[in-house]
Amino acid sequence: MGEASRTSEARRDAVFGRWVVFSPARSRRPTDLKSHNPTTNPSPAPGAEAAPKPSCPFCAGRESECAPQIFRVPPEDTLPWRIRVIENLYPALRRDVEPPEGGGGEAEEVPGELALSGFGFHDVVIETPRHDVRLWDLEAEGVRDVLLAYAARVRQLGEHPAVKYVQVFKNHGASAGASMAHSHSQMLGTPFVPPSVKSRFNCMKEVYDKSGNCSLCESSKDILISETPNFSAIVPFAASYPFEIWIIPRQHLSYFHEIDQDKALDLGSLLKIMLQKLSKQLNDPPFNFMIHSAPFGLSSSCLPYAHWFVQIVPQLSVIGGFELGSGCYINPVFPEDAAKILRELDCST
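Given the structure is predicted, the values throughout are model-derived calculations rather than measurements. (Residues numbered from 1 in each chain as written. Predicted model: local features only at pLDDT ≥ 70, side-chain atom pairs only at ≥ 80, totals over all residues. Heavy atoms only, no water.)

Let us look at the UniProt feature "binding site: Zn(2+)" (unreviewed entry) in the chain. Per the UniProt entry, the sites bearing "binding site: Zn(2+)" (unreviewed entry) are Cys-56, Cys-59, His-131 and His-182 in this numbering. Spanning 127 residues, the named residues form one tight spatial group whose C-alpha atoms are at most 7.7 Å apart. On the accessibility criterion, Cys-59 (7% relative accessible area) is buried. You can see His-182 is positioned in the loop between β6 (165-172) and β7 (184-190). Owing to a relative accessible area of 1%, His-182 belongs among the buried residues under this scheme. Here Thr-128 takes part through its backbone oxygen, which lies 2.6 Å from a polar atom of the side chain of His-182. (UniProt positions renumbered as here; feature names shortened; annotations may be inferred. Buried < 20%, exposed > 50% of the residue type's maximum accessible area, 1.4 Å probe, protein only. Helix = DSSP H or I, 4+ residues; strand = E, 2+ residues; numbered from the N terminus. Polar contact = N/O pair within 3.5 Å; in protein donor to acceptor, adjacent residues only side chain to side chain.)

Now the structure itself:
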């Protein structure tokens, strides 16, 4: 169906269970949709002197200004570091307080209002020692190493008996929640399974119980952007946001932190290309990406519908009262159109 002939349509997502209203009349052509708040400064005019490169506590040589280091890559102190995993200087949850009794898991089932101790882990992954390098500027092997650092830290956090879930995420750009311009990502280990994770599993279980299929194991070729031997990059059928991308393991896998070197390189290559495409097509937009994995200790009966994936959300519009009040979203770009634009976009130059 062409762009001109499209009318509004409501679609229900089979992973989060959200309804999305696609309303192309609310936007110009999909190819005209650009970020008005790009995250990079414009290049200097020809002949003009370039501004000095900034420095910050995440830059090489200023490690003493950061919160304590957890580990680094490579681990040898005699070699320059490429990646550092550190504690967050301003953590949302604190590792130095007493965990809630029972780890918080039992308390989740108690109805009504409830307060738990603010126990948890909040870490930062500094993806590069250089202030002027973004994640997608790294070689595929560099992105692979960042992914492997995520996985290593998630495995460490999973050994703590009170940690039930780890959310890995990246905020790029101030309006997407990044307080530091230096390329970094974060993770929070919580003593409870967050409600969005629970609702995701409930929705995927409902689909599996009715169809016998995992929600993420099959996707329409109309919404495919690119694929590798191990991963598919798609615009989801009911994308909540314009130009939203999911990167999904083609093999049914439940836990991100079990990723190996080869699959991490494959994912690193595809993630790099997808971020390059979004930057080129949308004028370097602020974005968030999240790794949606399974909670620790998941029952084996849940594994057939537990499938991890990466969600990338460019920040191109403001969430309004309808979305906040209803839990439904309005997207001005049909997934098939967004996928076609991104599929055909050449980032080789």
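On we go from here.
Spatially, 10 strands are ordered β3-β4-β5-β7-β6-β11-β12-β10-β9-β8 in an open sheet, and the strand pairing comes out antiparallel. For this open sheet the edge positions go to β3 (69-73) and β8 (224-227), each flanked by a neighbour on one side alone. Put simply, the sheet's adjacent strands are angled 15° from each other on average, direction ignored. As defined by bridge partners, strand β10 (residues 245-249) adjoins strand β12 (residues 309-314) across 3 bridges and the pair is classed as antiparallel. (Pairing = 2+ DSSP bridges. Axes fitted to C-alpha atoms, helices over the stretch in contact; angles between N-to-C directions.)

Let us look at the UniProt feature "active site" (unreviewed entry) in the chain. In the UniProt entry, the feature "active site" (unreviewed entry) is given for His-184. Its place among the elements puts His-184 in strand β7. Accessibility expressed as a relative area gives 5% for His-184, which makes it buried. Not counting the four nearest positions on each side in its chain, His-184 is found in contact with Phe-58, Val-124, Val-125, Ile-126, Glu-127, Lys-170 and Asn-171. (Contact = heavy atoms within 4.5 Å.)

One pass over the structure, following the stated rule, counts 19 salt bridges. With its nearest N and O atoms 3.9 Å apart, the salt bridge here joins Glu-87 to Arg-95. The class of Arg-95 is partly exposed, set by a relative accessible area of 25%. The salt bridge partner of Asp-284 is Arg-134, with a shortest N-O separation of 4.0 Å. You can see Asp-284 sitting in the loop between α3 (261-282) and β11 (287-292) and its partner Arg-134 sitting in the loop between β5 (121-126) and α1 (140-158), a full 150 residues away along the chain. Members of the salt-bridge network, linked through shared partners, are Glu-87, Arg-95, Asp-123 and Arg-153. (Salt bridge = Lys/Arg side-chain N within 4 Å of Asp/Glu carboxyl O.)

Attention now moves to empty space enclosed by the protein. By the definition in use, this model includes 3 cavities of 30 Å³ or more. Of the voids in this model, the largest cavity is the one considered here, and its volume is about 90 Å³. Lining the largest cavity are Val-154, Tyr-165, Val-166, Val-168, Tyr-255, Phe-256, His-257, Ile-291, Ser-293, Ala-294 and Phe-296. It is β6 that provides the largest number of residues to the lining of the largest cavity, a total of 3 residues. Taken together, the residues of the lining of the largest cavity break down into 9 nonpolar, 2 polar and no charged. (1 Å grid on protein atoms, 1.4 Å probe; cavity = no way out; pocket = protein on both sides within 12 Å on 5 of 7 lines; lining within 4 Å. Points joined across faces, edges and corners; volume = space filled by probe spheres on them. Nonpolar A, V, L, I, M, F, W, Y, C, P; charged D, E, K, R; others polar.)

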